[in-house]
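Next come the chains, spelled out residue by residue.
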Amino acid sequence: FNELSHTYVYNNNVLTGATTEIKKFIEQFDSDTIIPRCETSWGISAKKIRSAWNLGRDLAANFGSGIHKALEFEDLYRNHYKKNGDRCFNIKHPIIKKIVNEFFEFYDSLGFEYEEIIPEALISYVDNGTCALADRVVIIDSVNKLVALEDYKVNVDFDKEDSVKFLNLPKELNLPSSKLGKLALQLGVQEAMLKQSGWTVVRRTGFVYSDKWEQYDVPSLGDFNILKQ
């Protein structure tokens, strides 16, 4: 893994990430067309609009990344204790700690059964040159190779219809035209790779935080093999 370029390399070949794989199915936001219209309508320079949008994008992305890291921290280190019973490792920031605690309380209330949870799991199908970093791979039955895929999102309007426009997808997929549909493609790539190693994904779940945690059942792509498109 090259952290600077955020690329994964296997035998000197750069693997294509899941985010890149699904881009060909999603209409991208055309800021170069929209910003001049906003400049005329708002009376604000294009430079300032672009700067504000970029900063807002980075703010949202960095906040989401921070929560992802905090959840990973808790998965990895919450069960390490000192001899006196105190935890060895703690999240100290009160707001982040509150969000993380609320997630685990919510998750435990759902009653999911599992053998092991692997946070930030690297899934790959090197024969196809593909990889993905899954937020959580949940091993349900290691003998029969049953797993669940779980993903965290930190945003608003997750299920807002017509917020995502899809391209080149079979009509019978009928994915919701929202971030939920986009997540279905993302987890579909992960599922397709796991299938190559004989694993069966029995559950796909999105956990979304806006001002509280919500659970979403993520649609399956069925027989649509997203890696062969």
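Our structure is the block above this text.
Only a predicted model underlies this, so the values are computations on that prediction, with no experimental measurement involved.

Most of strand E6 (residues 200-209) is tucked away, with eight of its 10 residues classed as buried. In terms of strand pairing, strand E5 (residues 146-154) meets E6 through nine bridges, oriented parallel. Paired with aspartate 151 across the strands is glycine 206, a residue of E6. Between the parallel pair E5 and E6, the chain is carried across by helix H5 (residues 179-196), and the sense of this crossover is right-handed. Across five bridges, the pairing between E6 and strand E7 (residues 213-217) is antiparallel. Paired with glycine 206 across the bridge in E7 is tyrosine 216. Connecting the antiparallel pair E6 and E7 is a turn made up of three residues.

With that settled, the discussion passes to the nonpolar core. Generally speaking, a soluble globular protein has its nonpolar side chains buried in company with each other. Ranked by size, the top nonpolar core spans 35 residues in total, and within it Val137, Leu185, Leu221 and Ile226 carry the most contacts. Elements represented by at least two residues in this core include exactly helix H1 (18-23), strand E3 (116-125), strand E4 (130-141), E5, H5 and E6. Ranked by the residues each element gives to this core, the list is headed by H5, at nine residues. Apart from residues no more than four positions distant in its own chain, isoleucine 226 is found in contact with Ile22, Phe25, Leu185, Gly188, Val189, Ala192 and Leu221. Residues Ala70, Ile117, Tyr209 and Trp213 belong to the second largest nonpolar core, which totals 17 residues.

Our focus in this paragraph is the environment of lysine 153. Looking at the element boundaries, lysine 153 is found in strand E5. With residues up to four places along the chain from it excluded, the contact list for lysine 153 reads Phe158, Leu183, Gln186, Phe207, Val208, Tyr209 and Trp213. A polar contact is formed between the side chain of lysine 153 and the side chain of glutamine 186, at a distance of 3.0 Å.

This part is about the packing of helix H3 (residues 46-77) against helix H4 (residues 94-110). It is the contact of H3 with H4, at a shortest axis distance of 10 Å, that shows an interaxial angle of 60°. Between H3 and H4, the interaxial angle falls into the category oblique. H3 and H4 meet at a crossing whose hand is right-handed. Mapping the contact onto sequence places Phe63, Ile67, Ala70, Leu71, Glu74 and Asp75 in H3 and Ile96, Ile99, Val100, Asn101, Phe103 and Phe104 in H4.

Of note in this structure, aspartate 157 is not a glycine but carries a positive phi near 55°. Aspartate 157 gets classed as partly exposed once you look at its relative accessible area, which sits at 47%. A positive phi angle is found at asparagine 174, which is not glycine, with a value near 50°. With respect to the element layout, asparagine 174 can be found in the loop between E5 and H5. The exposed category is assigned to asparagine 174, whose relative accessible area is 66%.

A grouping of Asp157, Asp159, Glu161, Asp162, Asp211 and Glu214 is seen on the molecular surface, where their side chains present a negatively charged patch. You can see aspartate 157 is positioned in the loop between E5 and H5.

Right, let's get into the side chain of arginine 204. Mapped onto the elements of the fold, arginine 204 is located in strand E6. Within polar-contact distance, the side chain of arginine 204 engages the backbone oxygen of valine 201 at 3.5 Å. In this structure, arginine 204 is in contact with Leu149, Leu187, Glu191, Tyr216, Asp217, Val218, Pro219 and Ser220, ignoring residues within four places of it in sequence.

Cut-offs applied
Residues numbered from 1 in each chain as written. Predicted model: local features only at pLDDT ≥ 70, side-chain atom pairs only at ≥ 80, totals over all residues. Heavy atoms only, no water. Buried < 20%, exposed > 50% of the residue type's maximum accessible area, 1.4 Å probe, protein only. Helix = DSSP H or I, 4+ residues; strand = E, 2+ residues; numbered from the N terminus. Pairing = 2+ DSSP bridges. Right-handed = clockwise from strand over helix to strand, strands pointing away. Core = buried A, V, L, I, M, F, W, Y, C linked by side-chain atoms within 4.5 Å. Contact = heavy atoms within 4.5 Å. Polar contact = N/O pair within 3.5 Å; in protein donor to acceptor, adjacent residues only side chain to side chain. Axes fitted to C-alpha atoms, helices over the stretch in contact; angles between N-to-C directions. Parallel < 35°, antiparallel > 145°, perpendicular 65-115°, else oblique. Left-handed = near helix turned anticlockwise from the far one by under 90°. Patch = residues over 30% accessible without salt bridge, like charges linked within 9 Å, V, L, I, M, F, W, Y side chains within 5 Å. Areas by Shrake-Rupley, 256 points an atom, 1.4 Å probe, with all protein chains shown as cover. Salt bridge = Lys/Arg side-chain N within 4 Å of Asp/Glu carboxyl O. Lys, Arg positive; Asp, Glu negative; His and termini not counted. Charge placed at Lys NZ, Arg CZ, Asp CG, Glu CD.

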